[in-house]
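Coordinates in review
Below, each chain spelled out in residue letters.
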Amino acid sequence: MLMVLIQFGCVQRESETPEKGVSFKLNERRKKTIDSIRYNIQLDIPGQKSEAIKGIETVSFNLNAPDSALVLDFNSDSTHIISIQSEGEEIEFEVANQHIIIEPEALKKGRNTLTIGFIAGDLSLNRSDEYLYTLFVPDRASTCFPLFDQPNLKATYALTLSVPEHWEAVSNGSLKSKTMRSGKSVFQFAETKPISSYLFAFAAGKFFKTQKTLNGRPMTMYYRETDSAKVGRNKDEIFRLHAKSLSWLEEYSGIPYPFEKFDFALIPSFQYGGMEHPGSIFYNESSLFLDENASVNERMARASVIAHESAHMWFGDLVTMDWFNDVWLKEVFANFMAAKIVHPSFPEINHELRFLLAHYPNAYDVDRTAGTNPILQELGNLKNAGTLYGAIIYMKAPIVMRQLERKIGVKLMQESLQEYLKKYAYSNARWDDLIQIIDKKTPLDIADWSKVWVKTPDMPVYHYNDSDVNRLTQNPDSVSSRTWQQPVHFAAIERKNEQFYFPNPDGTGYGYFQMDSVSKASFFETYNEFGHAILSKPVFRGSMLVNIWEGFLRGDGPAPDTLLAQVLSALPKEKDPLLTDYLLGRLQSLWWTFLSDESRSKYQSEVEKVTWDLLNRTADKGIKKSYFRTFKRVALSADAYGKMESLWNGKLVIKDLALSEEDKISLAYELALRASGDVDAILQTQMDSTKNPDRKARMQFVIPSISQDEAKRDAFFESLKKPGNREKEAWVLDGLANLHHPLRAKSAVKYLRPSLDLLQEIQLTGDIFFPTRWTNTTFSGHSTSEVTNIATKFLQEHPDYPYFLKNKILQAVDMPSRAAKLKR
């Protein structure tokens with residue numbers, strides 16, 4: 001038995017000690033015995049981030065069966081529990097395995113009230129010198145204060161924050177009062193509606209704020225951006241997009257906005273695009289404050305993330321998954337609703353094409369690997385819940401949900417979701433609960449369809465049937481007798497008395513559709529042939545490009561050099577901004593991952609000329625910015641370096657290309673990575689000219705990773721072994737990307753094994769996406785068999801390595817492995 005004694009009141013006990021994290025067994029026991037939970041939390045936040053945050057918490061709850069020990073979760077230093085009282089009396093307790101354990105003798109059947117004095121843990125408080133913010137998903141609330149940290153024990157939260165005098169503060173509840181006490185500002189927030197623990201949140205610090213009322217709903221935006229012109233250019237649209245999303249969701253769901261108030265905070269280097277805390281959404285500041293030359297893709301991405309987080313107010317916050325294995329459910333509906341909300345605002349966009357390009361390639365990037373997983377995954381303990389997140393949840397699941405809506409019809413889908421939301425409001429539900437609602441409304445066997453698409457992994461593969469040229473046939477599946485129910489077809493096009501076959505021409509089918517080499521070559525030869533009923537359709541071009549890339553990765557050709565030449569030939573013919581961005585992405589992947597040094601040298605002049613010419617010729621400001629970003633990433637020649645340097649120092653100006661402070665920083669990094677000229681002077685000049693304090697701090701952190709001195713790069717990597725140096729995850733990923741840039745890949749091989757050795761710690765100390773991003777960024781600049789052998793050896797030496805993390809490694813090394821084979 002693991003037992004830690006702390007301070008006054010601790011007791012030794014003989015009964016079973018719960019394991020670390022929240023096991024499914026503990027989750028089920030507490031779900032059956034505890035309800036009607038209310039938290040009242042008071043926190044005193046000092047001005048110095050090195051100082052401890054002290055707290056007092058009152059938790060009251062109804063206990064149905066006081067026949068076993070009560071277990072609260074507290075994943076912090078055991079000495080941080082100062083005292084626990086029940087009904088005003090000190091009680092005995094034990095701290096073990098990240099839990100507080102109270103024997104039943106100190107409790108009673110019915111209403112119990114505990115008062116806990118504690119020091120808040122810092123792990124999920126994201127403390128900076130001038131601000132802090134919480135991020136408690138999926139099980140991190142217990143790293144800050146004691147509670148029942150599982151999604152199906154919803155509770156109300158009343159929060160009081162004492163902060164430095166000139167700080168602002170925001171939380172889920174509305175602000176009841178702001179007073180001064182002992183030279184500090186005291187914010188008292190109203191009690192929330194019942195919410196899950198991972199949705200409780202607060203932020204405090206030196207924030208600007210602006211308010212607006214639309215459709216009768218007041219909203220407050222908190223932010224740190226110091227560029228007032230950028231704020232002024234964006235703020236009205238940000239408010240409008242939120243108001244529109246909420247109005248649409250109220251109408252679709254038939255349920256008014258289910259929480260008391262609606263505010264949002266824009267945070268520099270926030271770990272995600274957004275986080276759906278009810279009443280207090282947190283966003284990555286750069287996702288909403290767009291540059292002057294923002295592309296239509298970027299503007300639509302902003303609208304989508306706002307609609308996504310707004311949709312969570314209903315799907316995820318009002319109705320929450322019962323256990324985190326169903327986390328995909330809230331994400332898929334947020335994505336699904338966001339698409340419906342955003343589409344009408346962008347009539348110039350081909351939304352079928354955007355759905356194709358936004359979801360299918362990213363889903364395939366995981367589903368083709370040995371580390372893929374089903375949409376609905378098994379989960380034995382909440383401590384592993386963060387590893388469930390990834391492209392299968394965010395990208396494949398919306399494809400599957402679109403299939404479901406088309407299968408049962410738009411009207412029945414809406415009716416089913418309305419019933420689901422009303423039945424489980426302020427409570428919890430599972431995927432199978434929704435399927436039961438749908439199954440009652442349709443004669444179709446939705447449960448059988450769900451077993452394949454939702455509960456099994458992988459993607460189907462199709463080929464032409466030689467005995468029946470009018471249809472495609474599914475290849476033998478990895479799971480016996482599994483059939484992927486979906487309509488699939490192909491287009492047959494005759495040209496110069498020759499027949500060509502193009503599978504999945506409308507881009508709706510999911511899987512790899514084998515395609516003959518003659519038809520692939522013909523596609524690029526006739527690329528965007530105007531006047532042709534099929535060839536000129538953007539969705540057709542997108543579907544073929546995605547499918548050709550999938551075949552390329554699977555070794556079905558063409559050769560890397562050939563495909564590069566085909567992409568270069570297609571770019572001047574392509575006018576659609578979505579397809580242009582896709583082609584440029586493939587160009588960069590081919591350039592750095594799949595071409596040999598000799599091939600890069602051979603194509604260097606042409607690649608730079610094509611991208612530079614199109615950068616200057618393109619009238620669309622958004623597409624122009626896309627060409628700019630590609631040019632600076634692929635440029636290698638002395639001439640290209642000179643152009644980049646002249647753009648950076650302002651000696652060269654391209655019409656309608658507005659370069660932001662972030663663009664200038666990025667240019668400085670690219671110049672430094674190429675190690676020509678006075679690198680230190682370039683970086684120092686950029687540091688001195690950077691006005692935003694958050695961007696300046698990020699630069700100070702990242703610069704050692706770009707150093708020409710390998711010893712300094714080594715020291716930077718060594719510093720990442722300390723958890724405190726990984727707190728700013730976006731900064732860490734910037735540094736890793738520099739260390740493992742293809743130009744530095746050979747010197748970075750030595751970091752690979754230590755990076756894998758750190759992965760389990762990364763999972764325990766980092767946020768939900770960090771393990772995936774850590775591994776992907778670590779391996780992204782590499783393309784040799786030496787690299788994949790390192791990963792293979794690591795897994796062989798750790799046969800019992802955690803399943804979820806093993807999958808992350810297999811996903812990360814898939815592309816380098818394929819590149820190494822294609823280079824042979």
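Residues numbered from 1 in each chain as written. Predicted model: local features only at pLDDT ≥ 70, side-chain atom pairs only at ≥ 80, totals over all residues. Heavy atoms only, no water.

Digging into the overall build of the protein
In terms of regular secondary structure, the protein is built from 28 helices and 26 strands. In terms of overall size, the protein behaves like a compact globule, its C-alpha atoms giving a radius of gyration of 27 Å where 824 residues would be expected to give roughly 28 Å. Considering only C-alpha atoms, the protein reaches an extent of 90 × 70 × 60 Å along its principal axes. Taken over 824 residues, the protein has a buried fraction of 60%. (Helix = DSSP H or I, 4+ residues; strand = E, 2+ residues; numbered from the N terminus. Rg over C-alpha atoms; globule rule 2.2 N^0.38 Å. Buried < 20%, exposed > 50% of the residue type's maximum accessible area, 1.4 Å probe, protein only.)

Some thoughts on the packing of aromatic side chains
Under the counting rule described, the total for this entry stands at 59 aromatic pairs. Ring centres of F61 and F148 lie 5.5 Å apart, and the angle between their planes is 80°; on these two criteria the pair is classed as edge-to-face. Within this pair, whereas F61 is found in strand β2 (residues 54-63), its partner F148 is found in the loop between β9 (131-133) and β10 (155-164), the two being separated by 87 residues in sequence. A relative accessible area of 0% means that F61 is categorised as buried. Arranged with centres 5.2 Å apart and planes meeting at 80°, the rings of F794 and Y801 form a pair that is edge-to-face. Overall, the relative accessible area of 8% leaves Y801 in the buried class. Feature note: the residues Y131, Y133, F207, F270, Y272, F282, Y389, Y394 and F769 constitute an aromatic cluster, connected by ring pairs. It is R586 that lies over the ring of Y582; its NZ or CZ is 4.8 Å from the centre. (Phe/Tyr/Trp six-rings, centres within 6.5 Å; stacked < 30°, edge-to-face > 60°. Lys NZ or Arg CZ within 6 Å of the ring centre and 35° of its normal.)

A short note on unusual backbone geometry
In this structure, P138 follows V137 across a cis peptide bond, with omega equal to -5°. For P138, the position within the fold is in the loop between β9 and β10. Positive phi, normally seen in glycine, also occurs at S182, with a value near 55°. Following the sequence through the fold, S182 ends up in the loop between β12 (175-181) and β13 (184-189).

Examining the pattern of salt bridges
Applying the stated criterion across every chain, the model contains 52 salt bridges. With its nearest N and O atoms 3.2 Å apart, the salt bridge here joins K212 to D236. Of this pair, K212 sits in strand β15 (residues 208-214) while D236 sits in helix α2 (residues 228-253); the two residues are 24 residues apart in sequence, bridging distant segments of the chain. A salt bridge links K455 to D432; its shortest N-O distance comes to 3.4 Å. (Salt bridge = Lys/Arg side-chain N within 4 Å of Asp/Glu carboxyl O.)

Regarding the confidence of the model for the protein
A residue-level look at the protein finds 97% of positions with pLDDT of 70 or above and a mean pLDDT of 94. A low-confidence stretch, residues 1-14 (pLDDT under 50), is modelled with 37 contacts involving residues beyond four sequence positions or located in other chains. (pLDDT = per-residue confidence, 0-100. Contact = heavy atoms within 4.5 Å.)

Topic: the side chain of T775
Within the secondary structure, T775 is located in helix α26 (residues 770-780). Sequence-distant contacts of T775, that is, excluding residues within four places in its chain, are made with L759, K808 and A812.

Quick notes on the sheet that holds strand β7 (residues 99-102)
On the basis of which strands lie adjacent, the open sheet formed by three strands has the order β3-β7-β6 and antiparallel pairing. The open sheet is flanked by β3 (70-73) and β6 (94-96), the only strands paired with a single partner. Averaged over all pairs of adjacent strands, the angle between strand axes in this sheet comes to 30°, irrespective of strand direction. Where β3 lies against β7, four bridges are found, and the strand directions are antiparallel. By the bridge assignment, L70 is partnered in β7 with I102. Contacting β3 and β7, helix α1 (residues 24-33) runs over the sheet at an angle of about 115° to β3. (Pairing = 2+ DSSP bridges. Axes fitted to C-alpha atoms, helices over the stretch in contact; angles between N-to-C directions.)

Focus on the nonpolar core
Membership of the largest hydrophobic core comes to 239 residues, with the highest contact counts inside it found for W328 and F333. The element best represented in this core is helix α5 (residues 327-342), accounting for eleven residues. Not counting the four nearest positions on each side in its chain, F333 is found in contact with F315, M401, M413, L417 and L434. A748, Y751, L756 and F779 belong to the second-largest nonpolar core, a separate cluster that totals 28 residues. (Core = buried A, V, L, I, M, F, W, Y, C linked by side-chain atoms within 4.5 Å.)

Details of α5
With 16 residues, α5 should cover 22 Å at 1.5 Å per step; its first-to-last C-alpha distance of 23 Å lies within 8% of that length. Burial analysis of α5 places 13 of its 16 residues in the buried class, the great majority of the element. (Expected span 1.5 Å × (residues − 1).)

Brief notes about the packing of helix α6 (residues 351-367) against helix α14 (residues 577-594)
Running from N to C, α6 and α14 cross one another at 25°; their axes reach a closest spacing of 9 Å. Regarding the angle of α6 to α14, the classification is roughly parallel. Where α6 crosses over α14, the handedness of that crossing is left-handed. Of the residues in α14, those touching α6 at L353, R354, L357 and P361 are L578, L579 and Y582. (Parallel < 35°, antiparallel > 145°, perpendicular 65-115°, else oblique. Left-handed = near helix turned anticlockwise from the far one by under 90°.)

Describing the packing of helix α7 (residues 391-408) against helix α8 (residues 410-423)
Put simply, α7 and α8 touch, their axes get as near as 6 Å, and they point 110° apart. As the angle between them shows, α7 and α8 are arranged roughly perpendicular. For the pair formed by α7 and α8, the contact residues are M401, L404, E405 and I408 on the first element and V410, L412 and M413 on the second. Residue composition of the contact of α7 with α8, grouped by class: six nonpolar, no polar and one charged. (Nonpolar A, V, L, I, M, F, W, Y, C, P; charged D, E, K, R; others polar.)

Here we look at the pairing of β13
Moving residue by residue along a regular strand, the side chains alternate between the two faces of the sheet. β13 sits mainly inside the fold: five of its six residues count as buried. In this structure, β10 lies alongside β13, joined through five bridges in antiparallel fashion. Following the sheet pairing, T160 is matched in β13 by Q188. The sheet contact formed by β12 and β13 spans six bridges and is antiparallel. When the sheet's bridge partners are listed, S177 is paired in β13 with Q188. The antiparallel pairing of β12 with β13 creates a hairpin that spans two residues between the two strands, and S182 there sits at a positive phi of about 55°.

So, helix α9 (residues 431-439)
Because each turn of an α-helix spans 3.6 residues, side chains separated by three or four positions end up pointing in the same direction. Of all the positions in α9, only W431, D433, L434, I435, I437 and I438 are classed as buried. Among the structural elements, α5, α7, α8, β21 (427-429) and α10 (446-453) are those in contact with the buried residues of α9.

Notes on the environment of S345
Assignment of secondary structure puts S345 in the loop between α5 and α6. Along the primary structure S345 and L241 are separated by 104 residues, whereas in three dimensions their C-alpha atoms are 9.5 Å apart.

Remarks on the pairing of strand β24 (residues 490-495)
Bridge count for β24 against strand β25 (residues 498-503) is six bridges, and the pairing is antiparallel. Counterpart to F490 in the pairing with β25 is P503. From the end of β24 to the start of β25, which pair antiparallel, there are two residues, and K496 there has a positive phi angle of about 55°.

Re the sheet that holds strand β14 (residues 202-205)
Strand order in the open sheet made by the three strands is β9-β14-β11, with antiparallel pairing throughout. Where the open sheet ends on each side, the last strands, each with one partner, are β9 and β11 (168-171). The sheet shows a mean angle of 5° between the axes of neighbouring strands, taken without regard to direction. Here β11 pairs with β14 via four bridges, running antiparallel. Of the residues in β14, the one forming a bridge with V170 is A203.

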